[in-house]
Amino acid sequence: LFCFFVYRRSQGVDGSGPVMTIDSDVLEVSVTDSAEALLQGITATDRKDGDVTESVVLESLSAFIDTDTRLATYAAFDSDKHVTRGARRIVYTDYTKPEFSMTQDLEYPTGRSDISINGIKVQDCIDGDISSFIKVKLDPAYDIDEEGEYETEFSIVNSAGDKASFKAYITIYDNAETKIS
């Protein structure tokens, strides 16, 4: 074993990874900042390779751990493929919850089984338009053949794990009568 260790050392291979330095435990950014902004204040050096700061990557970004705070995990690499990880909190200075909007009334004729939610849109400051991920919870009394108003809950979760919901009424009108607006 000793001979193997001496041989590896003589080949210029070191057994340690880079040393990562993160200048603060918390970084404040805007939701519009680029991925590079999340790398501010991070350096990495390796005993053999020297400055390996360019190898630092954002490995993961957690769901929200507080209203506007996520945990960022970083990784730095050296030429011997050693990896060092570090983490810090990312605080968004301008984060807002996903926002619902309606572009049309939610009115449908009796007998229609495919209730469309095309009239509801959700805009998120991190992910943009996330309308295709809306979940719908209909009133348990909802009946496609029965006229009436049925309370419906629309909910969404963005990529940061933040949840938002919106309640509205779906109106079912008699298909045989003309809809009056």
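Just above sits the structure.
The text that follows walks through the structure, step by step, so that each part is easy to find. Everything quoted here is computed from the prediction, not taken from an experiment.

Along its length, the chain carries one helix and 14 strands. Relative to the compact-globule value of 16 Å for 181 residues, the chain shows a C-alpha radius of gyration of 27 Å, a clear excess of over 25%. In terms of its C-alpha atoms, the chain occupies a principal-axis envelope of roughly 90 × 35 × 20 Å. In the chain, which comprises 181 residues, the proportion classed as buried is 33%. Sequence-distant contacts in the chain: of pairs separated by 6 or more residues, those separated by 24 or more amount to 51%. When the accessible surface of the chain is totalled, it reaches about 11,200 Å², and 50% of it is carbon and sulfur. Here the chain holds 17 positive side-chain charges and 34 negative ones, and the gap between their average locations is 11 Å.

With that settled, the discussion passes to the sheet that holds strand β10 (residues 120-124). Read across the sheet, three strands follow the order β8-β10-β11 without closing on themselves; strand pairing throughout is antiparallel. Strands at the two margins of the open sheet, each flanked by one partner only, are β8 (99-102) and β11 (128-129). Bridge analysis of β10 against β11 gives two bridges, and the strand direction is antiparallel. Directly across from Q123, in β11, lies its bridge partner D129.

Here we come to a nonpolar patch on the surface. Judged by side-chain polarity, V57, F77 and V83 come together as a nonpolar surface patch covering roughly 210 Å² of accessible area. With respect to the helices and strands, F77 occurs in strand β6 (residues 69-77).

With the rule as written, the count across this model stands at four salt bridges. As a salt-bridge pair, R88 and D23 come within 3.8 Å of each other at their nearest N and O atoms. Of this pair, R88 sits in strand β7 (residues 83-92) while D23 sits in the loop between β1 (19-22) and β2 (26-29), placing them 65 residues apart in sequence. Looking at R88, the relative accessible area reads 2%, which means it is buried. Residue K97 pairs with D162 through a salt bridge whose shortest N-O separation is 2.7 Å. Of this pair, K97 sits in the loop between β7 and β8 while D162 sits in the loop between β13 (148-157) and β14 (163-173), and the two are 65 residues apart along the sequence. The class of K97 is partly exposed, set by a relative accessible area of 45%.

Before going further, it helps to examine the pairing of β2. Burial of the side chains of β2 is restricted to one face: L27 and V29 are buried, whereas none of V26 and E28 on the reverse face is. In terms of strand pairing, β2 meets β7 through four bridges, oriented parallel. When the bridges of β7 are listed, V26 appears paired with R89.

How each quantity is defined
- Residues numbered from 1 in each chain as written.
- Predicted model: local features only at pLDDT ≥ 70, side-chain atom pairs only at ≥ 80, totals over all residues.
- Heavy atoms only, no water.
- Helix = DSSP H or I, 4+ residues; strand = E, 2+ residues; numbered from the N terminus.
- Rg over C-alpha atoms; globule rule 2.2 N^0.38 Å.
- Buried < 20%, exposed > 50% of the residue type's maximum accessible area, 1.4 Å probe, protein only.
- Contact = heavy atoms within 4.5 Å.
- Areas by Shrake-Rupley, 256 points an atom, 1.4 Å probe, with all protein chains shown as cover.
- Lys, Arg positive; Asp, Glu negative; His and termini not counted.
- Charge placed at Lys NZ, Arg CZ, Asp CG, Glu CD.
- Pairing = 2+ DSSP bridges.
- Patch = residues over 30% accessible without salt bridge, like charges linked within 9 Å, V, L, I, M, F, W, Y side chains within 5 Å.
- Salt bridge = Lys/Arg side-chain N within 4 Å of Asp/Glu carboxyl O.

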